[in-house]
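Structural description and commentary
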Amino acid sequence: MIPMSEEEVTAMPIDPHDPRPIYLQIAEEIKSRIGAGQLAAGDRVPSTNEISAFYTVNPTTAAKALTQLHEEALVIKKRGLGMFVTDSAQTTIMSQRQQHFAKNFIQPLIREATALGLSEGDIQQLIAKEMRA
């Protein structure tokens, strides 16, 4: 969350053209870091003040992002210490993303393949060919 390298300073998740609220964009950035293993189980998540300063957002916005993650059971509060990534957070995030992938990519692919008269084997061959490319 807080930049660790020069590249991360430019990797701001806040997109003014994104219709989602800023707090959701920040929560998604933290989820991405958890999913990628950059924030592991037991790691402390940046505080409201750290998030607020880094993204130059109101502390209330930063707090809403952390509340969102807490409501999804991805972080736990430790009184006086901050918020920490739960043991199941990465598994939960990866499962959610796999479901999203299936719904938004695999299911439309299957519908189109069926409309084209392609078999499961045909689809597998096309995917294998594209993966080698």
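The structure contained in this document is the topic of the report that follows. (Residues numbered from 1 in each chain as written. Predicted model: local features only at pLDDT ≥ 70, side-chain atom pairs only at ≥ 80, totals over all residues. Heavy atoms only, no water.)

1. A short note on the nonpolar core
In this structure, Ile 26, Ile 30, Ile 34, Val 45, Ile 51, Leu 66 and Leu 69 are the most contacted members of the largest nonpolar core, which totals 20 residues. Those elements that place two or more of their residues in this core are α2 (22–35), α3 (48–55), α4 (59–71), β3 (82–85) and α5 (89–115). Beyond its immediate chain neighbours, meaning those up to four positions away, Ile 34 contacts Leu 39, Val 85, Ala 89, Gln 90 and Ile 93. (Core = buried A, V, L, I, M, F, W, Y, C linked by side-chain atoms within 4.5 Å. Buried < 20%, exposed > 50% of the residue type's maximum accessible area, 1.4 Å probe, protein only. Helix = DSSP H or I, 4+ residues; strand = E, 2+ residues; numbered from the N terminus. Contact = heavy atoms within 4.5 Å.)

2. Some details on unusual backbone geometry
A negative phi holds for most residues other than glycine; trans holds for most peptide bonds. Despite not being glycine, Thr 56 shows a phi value in the positive range, around 50°. Tracing the sequence through the fold places Thr 56 in the loop between α3 and α4. The residue Ala 73 is not glycine, and still its phi comes out positive at about 60°.

3. Some points on the packing of aromatic side chains
For any pair of aromatic rings, the description rests on two quantities: the centre-to-centre distance and the angle between the ring planes. In this structure the tally under the stated criterion is two aromatic pairs. With centroids separated by 4.6 Å and ring planes inclined at 80°, the aromatic side chains of Phe 54 and Tyr 55 adopt a geometry described as edge-to-face. For Tyr 55, a relative accessible area of 3% corresponds to the buried category. Positioned over the ring face of Phe 84 is Lys 78, at 4.6 Å from the centre of the ring. (Phe/Tyr/Trp six-rings, centres within 6.5 Å; stacked < 30°, edge-to-face > 60°. Lys NZ or Arg CZ within 6 Å of the ring centre and 35° of its normal.)

4. Quick look at the packing of α3 against α4
Two numbers describe how α3 lies on α4: the axes approach to 8 Å, and their chain directions differ by 120°. In terms of orientation, α3 lies oblique with respect to α4. Note that α3 runs across α4; the crossing there is right-handed. For the pair formed by α3 and α4, the contact residues are Thr 48, Ile 51 and Ser 52 on the first element and Pro 59, Ala 62, Ala 63 and Leu 66 on the second. Taken together, the residues that form the contact of α3 with α4 break down as five nonpolar, two polar and no charged. (Axes fitted to C-alpha atoms, helices over the stretch in contact; angles between N-to-C directions. Parallel < 35°, antiparallel > 145°, perpendicular 65-115°, else oblique. Left-handed = near helix turned anticlockwise from the far one by under 90°. Nonpolar A, V, L, I, M, F, W, Y, C, P; charged D, E, K, R; others polar.)

5. Side note on the pairing of β3
Where strand β1 (residues 44–45) lies against β3, two bridges are found, and the strand directions are antiparallel. Note on β3: the bridge partner recorded for Arg 44 is Phe 84. As paired elements, strand β2 (residues 75–78) and β3 share four bridges and run antiparallel to each other. Within β3, the residue paired with Lys 77 across the bridge is Met 83. Where β2 hands over to β3, the hairpin turn is made up of three residues, of which Gly 80 adopts a positive phi near 80°. (Pairing = 2+ DSSP bridges.)

Coordinates in, geometry out; function isn't part of it.
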